[in-house]
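# Chain and residue survey
Each chain, written out:
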Amino acid sequence: MQFAESFMCPRPIKGISNISGRYESLDVVIMREITEDVYAGIEHEIGNVAAECVKLTTRAAAVRAAEYSFEFARKNGRKKVTCVHKANAISITDGLFLKCFREVAAKYPDIESNDFMVDATAFYLAKSPEKLDVIVASNQYGDILSDLAAGLVGSLGLAPGANIGDGVAVFEASHGAAPDIAGQGIANPVALILSGAHL
């Protein structure tokens, strides 16, 4: 049996009245590419003196992530797509992700596009979230930024998510499973409920 591969994890993070404080107006969708980057787990030890991890970026995955993000923006009335990268320091892999984004952005003149480095994006989420709308990011950056955004609006328990592939979709809370609290009656179901409602 062959299974369809999920390639994108959209995580809509929205402030909630009387819960999110100064972040009640925060409203972003973080598009996390989930097949590559350092989370692909391509790593090895070099004797007992070092360890090395490969940051994998392919043109096919970067283009697919950008296209999905722009199509989502168009279908959902979103105005802007921002590419997150660190191409100033990781010039080849993050540079390819950014280059592919710009190529795709040129095909969507009706949607504004820009890019920020990942550290600047974290700053803007915290200080000026109105600068951001749809964010497309590689696996690790998307994971970190979506947790940050969830924390700003109140909790990971408020962050919905999904894993989208060709002809397949699995909806889940962004925080994943929490087996450590199973049976204690303290799990927050809001993120799972929002996953079904929003996506």
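Take the overall build of the chain next. Scanning the chain from N- to C-terminus turns up five helices and nine strands. Secondary structure elements of the chain, listed N to C terminal, follow the sequence β-β-β-β-α-β-α-β-α-β-α-β-β-α. Long-range pairs, those at least 24 residues apart, make up 70% of the contacts in the chain between residues at least 6 apart in sequence. Accessible surface, the chain: about 10,400 Å² in total, of which carbon and sulfur atoms supply 55%.

This part takes up a nonpolar patch on the surface. Where nonpolar side chains cluster on the molecular surface, the patch consists of I42, V54 and L56 and spans about 200 Å² of accessible area. Judged by relative accessible area, which is 37%, V54 ranks as partly exposed.

Note: α-helices contain 3.6 residues per turn, so residues at a spacing of three or four share the same orientation. Here helix α2 (residues 93-105) spans 18 Å end to end across 13 residues, near enough to the 18 Å set by a 1.5 Å rise per residue. Turning to α2, its buried residues are T93, D94, G95, F97, L98, C100, F101, V104 and A105. Tucked into the core, α2 has its buried residues touching α1 (59-75), β5 (80-85), β6 (112-117), β7 (134-137) and α4 (139-153).

Now for the nonpolar core. M31, F70, V81, F101 and V136 are the most contacted members of the largest nonpolar core, which has 24 residues in total. The set of elements that each furnish at least two residues to this core consists of β1 (6-14), β2 (27-33), α1, β5, α2 and β7. Broken down by element, this core gets its largest block of residues, seven residues, from α1. The contact partners of F101, leaving out residues within four places of it in the chain, are A66, F70, V81, T82, C83, S113, N114 and V136. Membership of the second largest hydrophobic core comes to 18 residues, among which are I13, L26, A149 and L152.

On to the packing of aromatic side chains. All chains considered together, the criterion is met by five aromatic pairs. Look at F70 and Y108: their rings are 5.0 Å apart centre to centre, the planes differ by 20°, and that puts the pair in the stacked class. You can see F70 sitting in helix α1 and its partner Y108 sitting in the loop between α2 and β6, a full 38 residues away along the chain. When sorted by exposure, F70 lands in the same class as Y108, which is buried. Consider the rings of F123 and Y124, whose centres lie 5.8 Å apart with planes at 65°: the pair is edge-to-face. Counting every residue linked through ring pairs, the aromatic cluster contains F70, F101 and Y108. Across from the ring centre of Y141, 4.7 Å away, lies the NZ or CZ of K55, which sits over that ring. The ring centre of Y124 lies 5.0 Å from the NZ or CZ of K131, which sits over that ring.

Neither face of β7 is open: one carries V134 and V136, the other I135 and A137, and all of them are buried. Where β2 lies against β7, four bridges are found, and the strand directions are parallel. Counterpart to M31 in the pairing with β7 is V136. Of the strand pairs in this sheet, β5 and β7 are connected by three bridges, and their pairing is parallel. Bridged to C83 within β7 is V136.

Let us now look at unusual backbone geometry. The residue N18 is not glycine, and still its phi comes out positive at about 65°. We classify N18 as exposed; its relative accessible area is 75%. Of note in the backbone geometry, D37 takes a positive phi value of approximately 70° without being a glycine. Position of D37 relative to the elements: it lies in the loop between β2 and β3 (43-46). For D37, a relative accessible area of 2% corresponds to the buried category.

Looking now at empty space enclosed by the protein. Left-over empty space is what a probe sized like a water molecule reveals as it rolls over the atoms. As enumerated under the stated definition, the model contains one cavity of 30 Å³ or more in all. Approximately 50 Å³ is the volume found for the largest cavity. Taken together, E33, E36, D37, L56, T57, A61, A62, F97, S138 and N139 make up the lining of the largest cavity. Of the residues that constitute the lining of the largest cavity, the class distribution is four nonpolar, three polar and three charged.

Reading guide: rules and limits
Residues numbered from 1 in each chain as written. Predicted model: local features only at pLDDT ≥ 70, side-chain atom pairs only at ≥ 80, totals over all residues. Heavy atoms only, no water. Helix = DSSP H or I, 4+ residues; strand = E, 2+ residues; numbered from the N terminus. Contact = heavy atoms within 4.5 Å. Areas by Shrake-Rupley, 256 points an atom, 1.4 Å probe, with all protein chains shown as cover. Patch = residues over 30% accessible without salt bridge, like charges linked within 9 Å, V, L, I, M, F, W, Y side chains within 5 Å. Salt bridge = Lys/Arg side-chain N within 4 Å of Asp/Glu carboxyl O. Buried < 20%, exposed > 50% of the residue type's maximum accessible area, 1.4 Å probe, protein only. Expected span 1.5 Å × (residues − 1). Core = buried A, V, L, I, M, F, W, Y, C linked by side-chain atoms within 4.5 Å. Phe/Tyr/Trp six-rings, centres within 6.5 Å; stacked < 30°, edge-to-face > 60°. Lys NZ or Arg CZ within 6 Å of the ring centre and 35° of its normal. Pairing = 2+ DSSP bridges. 1 Å grid on protein atoms, 1.4 Å probe; cavity = no way out; pocket = protein on both sides within 12 Å on 5 of 7 lines; lining within 4 Å. Points joined across faces, edges and corners; volume = space filled by probe spheres on them. Nonpolar A, V, L, I, M, F, W, Y, C, P; charged D, E, K, R; others polar.

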